Amino acid sequence: MSDNALVAKVAGSVGAIAKSEWDALAGGDNPFVRHDFLTALEDSGSIGPGTGWQSAPIVIEGEGGELLAAMSAFLKGHSQGEYVFDHGWADAYQRAGGEYYPKLQIAAPFTPATGPRLLFKNPEYAVPLLRAAEQLCQGNGFSSAHATFIEPGQLPIFEQAGWMLRSDIQFHWENRDYATFDDFLDQLASRKRKAVRKERAAAVEGLEILHLTGAEIGESQWDAFWNFYQDTGARKWGTPYLTREAFTLLGERMGDAILMILALKNGVPIAGALNFIGGDAIYGRYWGCSEDRRFLHFELCYYQAIDAAIERGLNRVEAGAQGGHKLARGYEPVTTWSAHWIADPGFRAAVAEFLEGEREGIQIDQMYLGERTPFKKG
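What counts and what doesn't
Residues numbered from 1 in each chain as written. Predicted model: local features only at pLDDT ≥ 70, side-chain atom pairs only at ≥ 80, totals over all residues. Heavy atoms only, no water. Helix = DSSP H or I, 4+ residues; strand = E, 2+ residues; numbered from the N terminus. Rg over C-alpha atoms; globule rule 2.2 N^0.38 Å. Buried < 20%, exposed > 50% of the residue type's maximum accessible area, 1.4 Å probe, protein only. Contact = heavy atoms within 4.5 Å. Areas by Shrake-Rupley, 256 points an atom, 1.4 Å probe, with all protein chains shown as cover. Lys, Arg positive; Asp, Glu negative; His and termini not counted. Charge placed at Lys NZ, Arg CZ, Asp CG, Glu CD. Phe/Tyr/Trp six-rings, centres within 6.5 Å; stacked < 30°, edge-to-face > 60°. Lys NZ or Arg CZ within 6 Å of the ring centre and 35° of its normal. Pairing = 2+ DSSP bridges.

Each helix and strand in the protein was counted, giving eleven helices and 16 strands. Since a compact globule built from 378 residues should have a radius of gyration of about 21 Å, the 21 Å found for the protein is in line with a globular shape. Over its C-alpha atoms, taken along the principal directions, the protein stretches across nearly 65 × 45 × 40 Å. The buried share of the protein, reckoned over its 378 residues, is 55%. Within the protein, residue pairs in contact and separated by at least 24 positions form 75% of the contacts whose partners lie at least 6 positions apart. If you sum the accessible surface of the protein, you get close to 16100 Å²; carbon and sulfur atoms cover 49% of it. Computed over 35 positive and 49 negative side-chain charges, the inter-centroid distance for the protein is 8 Å.

Right, let's talk about the packing of aromatic side chains for a bit. Tallying each qualifying case throughout the model produces 30 aromatic pairs. The rings of Trp222, Phe225, Trp226, Phe228, Tyr229, Phe247 and Tyr286 are connected pair by pair, giving a single aromatic cluster. In this structure, Arg200 packs its charged tip against the face of Phe181, placed 4.3 Å from the ring centre. Just above the ring of Tyr286 sits the side chain of Arg285; from NZ or CZ to the centre is 4.7 Å.

Across the two faces of strand β6 (residues 73-76) the burial is the same, with Ala73 and Leu75 and Phe74 and Lys76 all buried. As paired elements, strand β3 (residues 53-55) and β6 share three bridges and run antiparallel to each other. Bridge pairing links Ser55 to Phe74 in β6. Relative to strand β7 (residues 103-106), β6 runs antiparallel, the two sharing four bridges. Across the sheet, Leu75 pairs through a bridge with Leu104, a residue of β7.

If you want it as structure tokens, here you go:
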């Protein structure tokens with residue numbers, strides 16, 4: 001696409017773009033659109049050849065090559081690591097004789113966290129970015145393009161461009177100006193409050209809990225966490241998404257935006273949770289353990305994250321995809337959004353019909369869950 005001095009093109013990788021230029025568009029609030037995060041995945045081999053994730057960032061440049069807008073995009077040969085499930089769409093399209101893959105994915109890989117998917121200096125470049133994505137798909141015979149976990153403020157852009165919106169539910173904790181964890185507990189019904197206190201006491205008995213960030217996280221801590229991550233990844237996904245090198249690179253490049261929470265027994269780590277720190281939120285990403293201990297998952301992933309958010313004055317904790325068990329622990333249902341562009345008109349109409357019915361079900365589920373939070377009624 002070109003318009004006078006403007007040019008839209010596909011770069012070979014985020015690493016091929018200057019960090020200063022990319023981050024000038026991305027800002028510092030969301031860690032998963034930062035140059036450091038995306039290049040750590042590229043450079044570690046977590047995405048790239050053999051992974052089904054081929055980096056293909058789309059950029060708009062001005063006269064002289066100035067970077068004006070960008071999106072983190074990938075050519076996908078499967079639907080793994082996305083957390084917005086379209087396997088049924090792929091099966092239906094392929095049964096009808098089409099080729100669903102490759103498709104274009106606009107996302108932070110392996111990361112079900114809300115964030116900006118369109119990075120720009122001026123909003124006038126937003127829709128052209130999406131048009132460039134459509135043209136990339138049309139010119140190469142790709143079935144579709146998908147943007148996942150879009151921050152709500154960008155939804156009107158996708159709607160304006162004619163992309164179909166899809167909703168789902170996650171569970172986030174909201175900081176209502178709490179000064180302490182007990183301030184939060186005071187908002188819960190008595191029975192729920194007692195249950196949380198009992199869980200926390202049982203989980204940490206005989207253990208030392210550490211919060212580590214930046215230079216406090218060394219290779220020995222990454223080795224321990226890698227073992228936890230491999231165990232959880234093998235059970236959930238079959239093969240862990242990130243390589244061992246990815247953790248080292250993330251620690252080197254953006255350690256100050258990482259919070260590792262470890263549980264030590266007799267000085268030895270037995271469990272850990274990895275979080276990323278944004279401008280207004282903590283994002284829980286990975287967890288694992290070498291010793292099964294009741295309630296320890298809840299303690300490290302949910303309660304300790306709340307402690308950290310309160311201490312830092314952050315607005316919320318996003319604890320990842322799915323997990324209705326988070327509801328009883330003060331995490332409330334919120335709507336998450338994705339947007340989808342389908343090349344084939346007939347298939348697009350079928351997906352639109354599916355989404356309409358799905359949306360009604362999601363709304364009913366959210367109302368049901370919203371009535372069952374542990375907070376005091378009235």
